[in-house]
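# An overview of the molecular structure
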Amino acid sequence: RAKFTILDVRARFEAGEPFTMLTAYDYSSAKVCEDAGVDMILVGDSLAQTMLGHGSTNGVTMDMMVHHAKAVAAGAKSPFLVGDMPFGSYEVAPQEAIANAIRYLAEGGMDGVKMEGGVKMAATAKAIVDAGVPVVGHIGLTPQTSSSLGGYRVQGRTAESAKALLADALAMQDAGCFAIVLEALPQRVASYIVSKLSVPTIGIGAGPHTAGQVLVYHDMLGLFDAPVPKFCKQYAQLRHDAVAAVRQFKNEVAARAYPGPEHCYKVQTAELRALVG
Ligand code: KIV
Ligand code: NA
């Protein structure tokens, strides 16, 4: 499979053919995405919750993200790989943002980065783009600033807020973002924004009219023990299967049903047999 590039994102967008992005956090989840033919992988800071059990995404550092990014890059060769800029890695100063974005490519094996924010972050997005790093914007429900939004809530529910979101999207487009994630918007607000943009959008809880769709790996596979948002379709219940399998292992060990003869190594030589019986 050929490497998916920003030119392929553009080509799909222009042809009106949807593309897929999924989060991955380590070698094995990345390999699943690779083998399933996913076009783009996001090493999302949602790993704070799915992989580390944190209550929010705000405690993950660049060091932690790069650690996961390296594992993802080892498992996925064809998808376009996007590293999520964690809280605190890009807000303080554009120079710091550029240095952290470059770390993702130089150390983490990523092909581009994603950052939350619109009008207020556009100058920083432009600085990263100008440094030669492809940037995906992220507007709407922005989990890193959910405290200032009053929690995880659908955005763009008033005309005023829909206008502000459009301004955010246009600012990130003008900054040179090659795509923009739209998270948790009424579908008509999302398609209104899509109709005003000339760059592709990637939706999560934003209806069917974005150029691409992104979901969180653990949510769509049913791997996580928390309820999933309304927009997430669960394509499997892997946690349920995992608990059942682990319980069966425990029960079989207790009942001395595991290991069976087929799981045991045999003695190969007569001399050893004579010794150990
Ligand atoms: O961290 C993440 O998983 C994300 C997606 C939900 C877009 O930012
Ligand atoms: Na994120």
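Residues numbered from 1 in each chain as written. Chains lettered and ligands numbered in written order. Predicted model: local features only at pLDDT ≥ 70, side-chain atom pairs only at ≥ 80, totals over all residues.

This part takes up the domain arrangement of the protein. Each assigned domain of the protein is listed here: domain 1 (6–236) and domain 2 (241–276). The gap between the C-alpha centroids of domain 1 and domain 2 is 45 Å. (Domains from an automatic or database assignment.)

Before going further, it helps to spend a moment on helix α11 (residues 238–254). Taking 1.5 Å per residue as the helical rise, α11 with its 17 residues ought to reach 24 Å, and the 24 Å between its terminal C-alpha atoms agrees with that figure. Within α11, only 0 of the 17 residues are buried, which leaves the element largely exposed. (Helix = DSSP H or I, 4+ residues; strand = E, 2+ residues; numbered from the N terminus. Expected span 1.5 Å × (residues − 1). Buried ≥ 20, exposed ≤ 12 C-beta atoms within 10 Å, placed from the backbone.)

Across the two faces of strand β2 (residues 40–43) the burial is the same, with Met40 and Leu42 and Ile41 and Val43 all buried. Bridging between strand β1 (residues 19–23) and β2 involves 3 bridges; their strand directions are parallel. Bridging from a neighbouring strand, Thr23 pairs with Leu42 of β2. With helix α2 (residues 27–36) bridging β1 and its parallel neighbour β2, the resulting β-α-β unit is right-handed. In the sheet, β2 pairs with strand β3 (residues 80–84) via 4 bridges, with the strands oriented parallel. (Pairing = 2+ DSSP bridges. Right-handed = clockwise from strand over helix to strand, strands pointing away.)

Before going further, it helps to spend a moment on the nonpolar core. One broad trend across soluble globular proteins is that nonpolar side chains are buried collectively. Of all hydrophobic cores here, the largest spans 72 residues; its most connected members are Ala24, Ile41, Val43, Val72, Val82, Val113 and Ile180. Counting residues per element, this core draws most heavily on helix α4 (residues 62–75), at 7 residues. Excluding residues within four positions of it along the chain, Val43 makes contact with Ala24, Tyr25, Met65, His68, Ala69, Val72, Val82, Gly83, Asp84 and Met110. (Core = buried A, V, L, I, M, F, W, Y, C linked by C-beta atoms within 7 Å. Contact = placed C-beta atoms within 7 Å.)

When pLDDT is averaged along the protein, the result is 97, and 100% of the positions lie at 70 or above. Interface confidence for the predicted complex, given as ipTM, is 0.99, next to a pTM of 0.97. (pLDDT = per-residue confidence, 0-100.)

Here we come to the pairing of strand β7 (residues 201–204). Residues of β7 alternate between two faces, with Thr201 and Gly203 on one and Ile202 and Ile204 on the opposite face, all of them buried. Taken together, the 4 bridges between strand β6 (residues 179–183) and β7 define a ladder with parallel strand orientation. When the sheet's bridge partners are listed, Glu183 is paired in β7 with Ile204. Pairing analysis gives 2 bridges linking β7 to strand β8 (residues 212–215), with the strands arranged parallel. Residue pairing across strands places Ile202 opposite Gly212, the latter belonging to β8.

As for its placement among the helices and strands, Gly83 is situated in strand β3. Since 34 C-beta atoms lie within 10 Å of it, Gly83 is described here as buried. Linking Gly83 and Met110, residues 27 residues apart in sequence, is a C-alpha distance of 6.1 Å. With near-sequence residues (within four places) excluded, Gly83 lies in contact with Val43, Met65, Ala69, Tyr104, Gly108, Met110 and Val113.

Our focus in this paragraph is the sheet that holds β1. Strand order around the closed barrel formed by 8 strands is β1-β2-β3-β4-β5-β6-β7-β8, with parallel pairing between neighbours. On average, each strand axis in the sheet is inclined to that of its neighbour by 25°, with strand direction left out of account. Packed onto the sheet, helix α6 (residues 122–130) meets β4 (112–116) and β5 (135–140) and runs at close to 165° relative to β5. (Axes fitted to C-alpha atoms, helices over the stretch in contact; angles between N-to-C directions.)

In the contact formed by helix α8 (residues 159–174) and helix α9 (residues 187–196), the axes pass within 10 Å of each other and the chain directions differ by 35°. For the pair α8 and α9, the crossing hand works out as right-handed. On the side of α8, the interface is formed by Ala162, Leu165, Leu166 and Ala169, while α9 contributes Val189, Tyr192, Ile193 and Lys196. When the residues that make up the contact of α8 with α9 are grouped by side-chain class, the tally is 7 nonpolar, no polar and 1 charged. (Left-handed = near helix turned anticlockwise from the far one by under 90°. Nonpolar A, V, L, I, M, F, W, Y, C, P; charged D, E, K, R; others polar.)

Contact pair α4 / helix α5 (residues 94–106): the axes reach a minimum separation of 10 Å and the direction vectors enclose 20°. In this view, α4 runs roughly parallel relative to α5, as classed from their interaxial angle. Crossing hand, α4 versus α5: right-handed. Listed contacts from α5 to Met62, Val66 and Ala69 of α4 are Asn100, Arg103 and Tyr104. When the residues that make up the contact of α4 with α5 are grouped by side-chain class, the tally is 4 nonpolar, 1 polar and 1 charged. (Parallel < 35°, antiparallel > 145°, perpendicular 65-115°, else oblique.)

Before going further, it helps to spend a moment on unusual backbone geometry. Cis rather than trans, the peptide bond between Tyr258 and Pro259 has omega equal to -5°. Residue placement: Pro259 occurs in the loop between α11 and α12 (270–276). One non-glycine residue, Ala184, lies in positive phi territory at about 55°. Looking at the element boundaries, Ala184 is found in the loop between β6 and α9. If you check the backbone angles, Arg256 has positive phi at about 55° while not being a glycine. By the element assignment, Arg256 lies in the loop between α11 and α12. The exposed category is assigned to Arg256, around which 8 C-beta atoms lie within 10 Å.

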